Amino acid sequence: MSILHIVNKSPYERNSVALAVDYMRDGDTLLLIEDAVYTVMQGGKAASIIDGQKAVVLGPDLAARGIAKEKMIDGVEVVDYAGFVDLVEASDKTQSWL
Amino acid sequence: MPIEVDGKVLETDEEGYLANINDWVPGVADVMSKEDDLELTDEHWDIINFLREYYEEYQIAPAVRVLTKAVGKKLGKDKGNSKYLYGLFPYGPGKQACRYAGLPKPTGCV
Amino acid sequence: MTTKKFMYVNRRAPYGTIYAWEALEVVLIGAAFEQDVSMAFVDDGVFQLLKGQDTSGIDMKNFSPTYSALGDYEVTKIYVEKESLEERGLTLDDLQHLVWEDEDEDWAEKDSIRLVSRAELAEVFAGQDVMFNF
């Protein structure tokens, strides 16, 4: 059973990203959208929360917030809305940490 | 009340401002000014075009005070005063000129 | 009407919630009434000033250009908290360069942003008449 964990809150304001990561099991994926995309900023304290996790981030939300590719940490995949749908499809279920 | 410009029907809000700024064509100002019995001169168009450029750059319609100062800087001191601007747009340069320019009502304008 | 010192404290990131845009609108309205207006960006509020925002992919208004208009509204004191920037891996170079033009000095451009520590900002807060929090 694979779960897609979706988070939309800033890691600096809420503990949602950290909690979702704690709940992740092998084969699960973390999808960061809206204000949760700030997690992937290079040099930011929150970046370490997702160390070693399979994390995916929504491209349009990154662009809206002015986070360029070169300001991102390595090892995070960027998807568009179609990729978002593919992820949902590929997972057995989704859990939203709102 | 929707208005008809160049054969197209454009939505407006209850105060007559264009619902969608991207609908704007110069004909909008012509139609709106005709309804107000105002003949648009080059001086009017200077202000309308200025407002459109301001919105393009800052994404807001400027308050009258800001408009006055900015016009003074761009078009000359003799035009950067409320007497001149109200002379052109008797219903208020903020409200009337912004409406002709297809902008929303200026922020802070009541 | 006597002039009061108004401080608008911004602690939220843009777009995820409406706070950032609402604060900006309220500031512009307040400035139109010729008060002595300052803004502070702390916590996630510093994200509001990040350069290069492009909202075309999320169907929302990109209001980051509006911060450049603050100088025209005589909002010339914009405090950015150092600790909040550092925690997020940011420096002033990552933020928009905001300026105001001094009419008394032939429209000379001057920096609006002041980088301050948390302790310094606390002193600034102490000197205000009214605080608005977003």
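Residues numbered from 1 in each chain as written. Chains lettered and ligands numbered in written order. Predicted model: local features only at pLDDT ≥ 70, side-chain atom pairs only at ≥ 80, totals over all residues. Heavy atoms only, no water.

Here the focus is the sheet that holds strand β7 (residues 130-133) of chain C. Residues and elements named next belong to chain C. Taken in spatial order, the five strands line up as β6-β3-β2-β1-β7 in an open sheet, and their pairing is parallel. The sheet terminates laterally at β6 (113-116) and β7, the two strands that pair on one side only. Adjacent strand axes in the sheet meet at a mean angle of 25° when their direction is disregarded. (Pairing = 2+ DSSP bridges. Helix = DSSP H or I, 4+ residues; strand = E, 2+ residues; numbered from the N terminus. Axes fitted to C-alpha atoms, helices over the stretch in contact; angles between N-to-C directions.)

What follows is about the domain arrangement of chain B. All names here are of chain B. Segmentation of chain B into domains returns domain 1 (3-35) and domain 2 (42-100). The distance between the C-alpha centroids of domain 1 and domain 2 comes to 19 Å. Between domain 1 and domain 2, the residue contacts involve eleven residues of the former and seven residues of the latter. Across the domain 1 to domain 2 interface the summed buried area is about 910 Å²; carbon plus sulfur atoms make up 66%. Joining domain 1 to domain 2, the criterion identifies zero salt bridges. On the surface where domain 1 and domain 2 come into contact, there are two residue pairs in polar contact (both at pLDDT 80 or more). Counted by class, the side of domain 1 that touches domain 2 contains seven nonpolar, two polar and two charged residues. (Domains from an automatic or database assignment. Contact = heavy atoms within 4.5 Å. Buried area = accessible area lost by both parts, 1.4 Å probe. Salt bridge = Lys/Arg side-chain N within 4 Å of Asp/Glu carboxyl O. Polar contact = N/O pair within 3.5 Å; in protein donor to acceptor, adjacent residues only side chain to side chain. Nonpolar A, V, L, I, M, F, W, Y, C, P; charged D, E, K, R; others polar.)

Ranked by size, the top nonpolar core spans 91 residues in total, and within it L30 and I50 of chain A together with Y73 of chain C carry the most contacts. Top element by residues in this core is helix α2 (residues 42-58) of chain B. It accounts for eight residues. Of the domains in this structure, domain 1 (3-35) and domain 2 (42-100) of chain B are the two that each give at least three residues to this core. Setting aside residues up to four positions removed in sequence, Y73 of chain C forms contacts with Y54, I60, A61, P62, A63, R65 and V66 of chain B together with L28 and A31 of chain C. One finds L4, V56, L58 and F84 of chain A within the second-largest nonpolar core, a separate group that totals nine residues. (Core = buried A, V, L, I, M, F, W, Y, C linked by side-chain atoms within 4.5 Å. Buried < 20%, exposed > 50% of the residue type's maximum accessible area, 1.4 Å probe, protein only.)

Each side of the interface is counted separately: chain A has 18 residues, and chain C has 22 residues. Area buried by chain A at its contact with chain C is led by Y12, Y38 and A64 of chain A, which between them contribute 31% of it. Here chain A is connected to chain C by two salt bridges. For D94 of chain C, the salt bridge is made with K71 of chain A, and the minimal N-O distance between the two is 3.2 Å. Across the contact surface, chain A and chain C share eight residue pairs in polar contact (both at pLDDT 80 or more). Here the side of chain A that touches chain C takes four residues from helix α2 (residues 59-64) of chain A, the largest share from any one element. The residue inventory of the side of chain A that touches chain C, partitioned by class, reads seven nonpolar, five polar and six charged.

Counting across every chain of the model gives twelve aromatic pairs over all chains. Each ring, one from Y23 of chain A and one from W97 of chain A, has its centre 5.1 Å from the other, and the planes form 45°; the classification is tilted. Separated by 74 residues along the polypeptide, Y23 of chain A in helix α1 (residues 16-23) and W97 of chain A in strand β5 (residues 93-97) bring together distant segments of the chain. Accessibility expressed as a relative area gives 12% for W97 of chain A, which makes it buried. Relative to Y54 of chain B, the ring of F50 of chain B lies with its centre 6.4 Å away and its plane at 35°, an arrangement referred to as tilted. In this pair, F50 of chain B and Y54 of chain B are both assigned in helix α2, four residues apart and thus about one turn of the helix distant. For the residue pair F50 of chain B and Y54 of chain B, the accessibility class agrees, reading buried in each case. Pairwise contacts between aromatic rings join Y15, W21, F41, F63 and Y67 of chain C into one cluster. Directly above the ring of Y19 of chain C sits R12 of chain C, whose terminal nitrogen or CZ lies 4.0 Å from the centroid. For the cation-ring pair, R88 of chain C lies above Y12 of chain A, with the distance from its terminal atom to the ring centre recorded as 4.4 Å. (Phe/Tyr/Trp six-rings, centres within 6.5 Å; stacked < 30°, edge-to-face > 60°. Lys NZ or Arg CZ within 6 Å of the ring centre and 35° of its normal.)

Attention now moves to the interface of chain B and chain C. Tallying the contact residues gives 16 residues for chain B and 19 residues for chain C. Of the roughly 1600 Å² buried between chain B and chain C on both sides combined, carbon and sulfur atoms contribute 53%. Across the contact surface, chain B and chain C share four salt bridges. With a closest N to O distance of 3.3 Å, E74 of chain C and R65 of chain B form a salt bridge. Inspection of the chain B/chain C interface yields eight residue pairs in polar contact (both at pLDDT 80 or more). Broken down by secondary-structure element, the contributors of at least two residues to the side of chain B that touches chain C are α2 and α3 (64-75) of chain B. The residue makeup of the side of chain B that touches chain C, split by class, is eight nonpolar, three polar and five charged.

Residues and elements named next belong to chain A. Among the structural elements, N8 can be located in the loop between β1 (3-7) and α1. In terms of polar contacts, N8 uses its side chain to reach the side chain of E34, at 3.3 Å. Beyond its immediate sequence surroundings of up to four residues, N8 is in contact with I33, E34, D35, A36, W97 and L98.

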